[in-house]
Amino acid sequence: MIRLGLIGFGNIAASLLELLSENLDKELEHLTIFCKPEYCSQVEQKLQNEYTNIALDFCITTNIDDLINSKPNLVVECAGHNAVEENVIDVLSSGIDTVVISVGALSDTSLAESINQAAIQGNARLILPAGAIGGIDLLASLKKFGDLEVSYRGIKPSSAWAGTSAASNIDLNAISEPTTIFSGSAREAAQKYPKNANVAATIAMAGAGFDKTKAELIADPNATANIHEYTVNCPLASYTIRIEGKPSKGNAKTSATTVYSIMREISNCIGPIVI
Ligand SMILES: NC(=O)c1ccc[n+]([C@@H]2O[C@H](COP(=O)([O-])OP(=O)(O)OC[C@H]3O[C@@H](n4cnc5c(N)ncnc54)[C@H](O)[C@@H]3O)[C@@H](O)[C@H]2O)c1
């Protein structure tokens with residue numbers, strides 16, 4: 001039985017509860033959801049109407065101390081960069097293992113250092129899931145050898161770039177062919193496109209780092225998937241990975257596979273086999 005905490009209750013969190021209710025052998029012992037005040041009653045209604053069997057007991061709060069005091073075995077951040085900065089440090093320093101899905105937040109060097117210190121102080125683990133991509137296991141292994149060259153291309157339908165800084169430079173409705181909206185380091189990509197460059201950030205964290213990992217972001221009016229491609233060259237191995245992930249129903253910026261990578265982390269936490 002696991003006590004679970006969630007930070008944020010949007011598309012990923014709702015999909016995660018759906019997956020958990022289909023896959024867990026037993027209910028959660030306790031579920032705490034930390035959300036913004038304006039969402040509390042909506043979240044409560046959802047839990048009462050749609051996820052009645054998910055947990056023996058649940059609590060919805062706008063106070064991070066309530067989440068910490070509910071003593072979860074694992075907290076999952078699925079909110080955004082600001083939540084990593086505002087809440088994850090307290091959770092880690094309280095000794096609670098935390099899955100962070102908004103990996104791009106770690107492109108801020110001083111925040112990354114504070115998070116690292118909080119994990120050391122709390123003797124807790126910061127868990128970075130593969131998110132929308134795969135192959136992170138090999139990349140993280142090769143990091144120990146070093147001498148990595150890594151380049152990433154993220155291609156998403158034009159609609160996925162709505163509301164981003166790309167929309168102020170390009171008329172997304174008018175483009176008729178794939179258009180590069182950003183080319184630079186993974187650090188710049190993560191900072192300019194916080195909701196669309198978490199994959200670049202994960203690849204950077206696993207491999208060559210934020211400054212040495214190259215990133216290109218593309219809006220493609222004909223794309224029906226979020227396409228993530230990356231190439232790794234190093235003296236030990238070279239490989240290219242291309243994933244065509246369907247956008248999630250609730251948020252075109254998020255690939256539907258992302259929530260499954262969080263489910264994997266939870267299964268690895270509670271199951272008899274880690275893979
Ligand atoms: N690592 C990956 O591969 C990957 C892939 C997709 C998305 N993401 C990240 O996951 C995040 C969530 O994705 P989503 O599709 O669920 O987005 P979403 O917009 O549907 O949901 C985010 C929810 O978090 C809430 N929120 C925002 N800031 C908060 C805060 N400080 N405290 C509490 N709640 C807060 C929002 O109100 C919203 O309900 C994205 O912002 C993105 O950074 C990562």
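Residues numbered from 1 in each chain as written. Predicted model: local features only at pLDDT ≥ 70, side-chain atom pairs only at ≥ 80, totals over all residues. Heavy atoms only, no water.

Student: I keep staring at the overall build of the chain and nothing clicks. Help me out?
Tutor: Scanning the chain from N- to C-terminus turns up 10 helices and 11 strands. Relative to its length of 275 residues, the chain is compact, with a C-alpha radius of gyration of 19 Å against a globular reference of 19 Å. For the chain, the residues scored as buried account for 52% of the 275 residues in total. Of all intrachain contacts in the chain linking residues separated by at least 6 positions in sequence, the fraction that spans at least 24 positions is 75%. When the accessible area of the chain is evaluated, it comes to approximately 13100 Å², of which 47% is carbon and sulfur surface. (Helix = DSSP H or I, 4+ residues; strand = E, 2+ residues; numbered from the N terminus. Rg over C-alpha atoms; globule rule 2.2 N^0.38 Å. Buried < 20%, exposed > 50% of the residue type's maximum accessible area, 1.4 Å probe, protein only. Contact = heavy atoms within 4.5 Å. Areas by Shrake-Rupley, 256 points an atom, 1.4 Å probe, with all protein chains shown as cover.)

Student: Please clarify how the state of the cysteines should be interpreted in this entry.
Tutor: What is meant by a disulfide is a covalent connection between two cysteines, made through their sulfur atoms. In the structure shown here, the tally under the stated rule is 0 disulfides. Its sulfur unpaired, Cys-40 is 3.7 Å from the next cysteine sulfur, which belongs to Cys-35. Cysteine Cys-269 is unpaired, with the sulfur of Cys-78 as its nearest cysteine sulfur at 15 Å. On the accessibility criterion, Cys-269 (36% relative accessible area) is partly exposed. (Disulfide = S-S within 2.5 Å.)

Student: I keep staring at the environment of Arg-242 and nothing clicks. Help me out?
Tutor: Inspection of the secondary structure assignment puts Arg-242 in strand 11 (residues 237-245). The spatial distance from the C-alpha of Arg-242 to the C-alpha of Glu-18 is 27 Å, given a sequence separation of 224 residues. Not counting the four nearest positions on each side in its chain, Arg-242 is found in contact with Ile-227, His-228 and Glu-229. Only 2.5 Å separates the side chain of Arg-242 from the side chain of Glu-229, close enough to count as a polar contact. Among the polar contacts listed, one links the side chain of Arg-242 to the side chain of Glu-244, at a separation of 2.9 Å. (Polar contact = N/O pair within 3.5 Å; in protein donor to acceptor, adjacent residues only side chain to side chain.)

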